[in-house]
Amino acid sequence: MPAAFTNSTNSTTSTVSTPDFEVEYLTGGSGPGLVLVHGTGGSAETNFGHLWEAFADHRTVVRPNLSGSGGTKDAGDPLTLDLLVDQLVTVVRETGTAPADAVGYSLGAVVVAAAAAKHPELFRRVALIAGWAHTDARLHLTFDVWRRLDQADHAAFIRFLHLTGWTNDQLNRFGRDGLAPLLEAPIPPGMGRQIDLDLTIDIRALLPRITAPTLVIGFTYDQMVPVEHSRALHDSIPRSRYTELPTGHLGIFERAEELTGVLGEFLDA
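Residues numbered from 1 in each chain as written. Predicted model: local features only at pLDDT ≥ 70, side-chain atom pairs only at ≥ 80, totals over all residues. Heavy atoms only, no water.

## Digging into the layout of surface pockets
Within this model, the second largest pocket holds a volume of roughly 150 Å³. Looking at the lining of the second largest pocket, the element that brings in the most residues is helix α6 (residues 168–183), giving three residues. The residue inventory of the lining of the second largest pocket, partitioned by class, reads three nonpolar, three polar and four charged. (1 Å grid on protein atoms, 1.4 Å probe; cavity = no way out; pocket = protein on both sides within 12 Å on 5 of 7 lines; lining within 4 Å. Points joined across faces, edges and corners; volume = space filled by probe spheres on them. Helix = DSSP H or I, 4+ residues; strand = E, 2+ residues; numbered from the N terminus. Nonpolar A, V, L, I, M, F, W, Y, C, P; charged D, E, K, R; others polar.)

## Points about helix α4 (residues 137–152)
For α4, built from 16 residues, the straight-helix expectation of 22 Å at 1.5 Å per residue is met to within 8% by its first-to-last C-alpha distance of 22 Å. Those residues of α4 that fall on the buried side of the exposure criterion are Leu139, Thr142, Phe143, Asp144 and Trp146. Buried residues in α4 make contact with α5 (154–165), α7 (191–198) and α8 (228–236). (Expected span 1.5 Å × (residues − 1). Buried < 20%, exposed > 50% of the residue type's maximum accessible area, 1.4 Å probe, protein only. Contact = heavy atoms within 4.5 Å.)

## Remarks on the pattern of salt bridges
Here the structure, examined in full by the defined rule, presents 14 salt bridges. In this structure, the salt-bridge partner of Arg193 is Asp74, at a minimum N-O distance of 3.0 Å. Placement of Arg193 in helix α7 and of Asp74 in strand β5 (residues 73–74) is noted, with a sequence separation of 119 residues between them. Its relative accessible area of 22% is what places Asp74 among the partly exposed residues. Through salt bridges with shared partners, a single network forms among Arg59, Asp101, Arg124 and Asp268. (Salt bridge = Lys/Arg side-chain N within 4 Å of Asp/Glu carboxyl O.)

## A few points about the packing of α4 against α5
Two numbers describe how α4 lies on α5: the axes approach to 6 Å, and their chain directions differ by 145°. Of α5, the residues touching α4 (which contributes Val145, Trp146, Leu149, Asp150 and Ala152) are His154, Ala156, Phe157, Phe160 and Leu161. Within the contact of α4 with α5, the residues separate by chemical class into eight nonpolar, one polar and one charged. (Axes fitted to C-alpha atoms, helices over the stretch in contact; angles between N-to-C directions.)

## Some points on the nonpolar core
Within the largest apolar cluster, 57 residues are counted, with the highest numbers of intra-cluster contacts made by Leu88, Phe123 and Ile203. Those residues in contact with Ile203 that lie beyond four places of it in its chain are Leu81, Val110, Ala113, Ala114, Trp132 and Ala133. Within the second largest apolar cluster, 30 residues are counted, among which are Val61, Ala130, Leu245 and Ile252. (Core = buried A, V, L, I, M, F, W, Y, C linked by side-chain atoms within 4.5 Å.)

## Structural notes on the environment of Ala269
One can find Ala269 in the segment after α10 (256–267). Its relative accessible area of 57% is what places Ala269 among the exposed residues. Remark: the alpha-carbon pair of Ala269 and Ile252, spanning 17 residues in sequence, is separated by 21 Å.

## What to know about empty space enclosed by the protein
Going through the model one piece at a time under the given rule, you end up with two cavities of 30 Å³ or more. Roughly 40 Å³ of internal volume is contained in the second largest cavity. Every residue along the wall of the second largest cavity is listed here: Leu36, Phe48, Leu51, Phe55, Val103, Ile129, Leu259 and Leu263. For the lining of the second largest cavity, a count of residues per class yields eight nonpolar, no polar and no charged.

## Description of the pairing of strand β9 (residues 241–245)
Bridge analysis of strand β8 (residues 214–219) against β9 gives five bridges, and the strand direction is parallel. In the sheet register, Val216 faces β9, and the bridge partner there is Tyr242. The parallel pair β8 and β9 is bridged by α8, and the resulting crossover is right-handed. (Pairing = 2+ DSSP bridges. Right-handed = clockwise from strand over helix to strand, strands pointing away.)

## Notes on the confidence of the model for the chain
Caution applies to low-pLDDT parts of the model: their predicted coordinates are not meant to be read in detail. The share of residues in the chain with pLDDT of 70 or more is 97%, and the mean pLDDT across the chain is 95. Segment residues 1–7 is flagged for pLDDT under 50; beyond a separation of four residues in sequence, or across chains, it makes 24 contacts in the model. (pLDDT = per-residue confidence, 0-100.)

Structure below.
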């Protein structure tokens with residue numbers, strides 16, 4: 001999410017179209033396919049621009065923008081999980097990377113889990129970071145506050161996201177001066193559509209159908225999607241592995257080096 005963390009070069013932007021959408025995706029590197037799927041309000045660049053090159057020396061890294069992010073276009077109707085799964089599957093097929101490894105973060109973890117359950121032939125291994133299976137009462141309240149702030153007060157919304165996304169230690173490491181540029185970052189115009197989808201998520205019936213080796217990564221101090229949701233994903237996916245990092249929901253930035261190490265060890269096993 002924080003634009004200040006984007007640091008991506010040497011990637012190519014492409015699109016693939018169906019009657020229902022035109023998906024923008026970025027590719028770079030060479031080797032077996034690795035698909036990185038962003039979360040709510042994120043994009044191929046803002047969530048993974050600082051991470052993807054860690055895998056590019058031995059992977060073809062594909063980063064799609066789901067509807068509401070980047071240059072991806074659709075009819076503008078309320079988003080559905082099926083639509084986002086179709087976008088991910090279309091990109092995997094278009095890039096010829098199947099069976100691909102897939103890593104999903106937050107809402108991206110939901111999309112990857114659903115896609116792996118519905119299209120097992122397309123995915124070799126999957127990793128689910130700070131995801132969830134069901135929007136319970138607490139998550140619903142969180143996303144409802146997001147939606148209301150998104151509609152009413154941009155400055156308050158982005159401050160709330162940073163307040164709840166980082167650990168206390170990281171906020172204090174930034175300091176007031178370090179936080180200032182993050183608080184000026186724009187909110188993607190399509191984030192509201194993604195939040196509306198977040199409010200409806202329930203993939204519990206799909207999880208037992210996942211056959212690909214799966215790693216679930218929880219973030220211990222996550223205030224946005226509490227870590228209990230990652231633990232529940234692990235409990236519901238047959239033969240999945242679980243690991244936990246001591247960070248908040250924005251741990252993809254706060255613990256980037258540790259996270260890429262954990263992912264690399266799993267994906268290259």
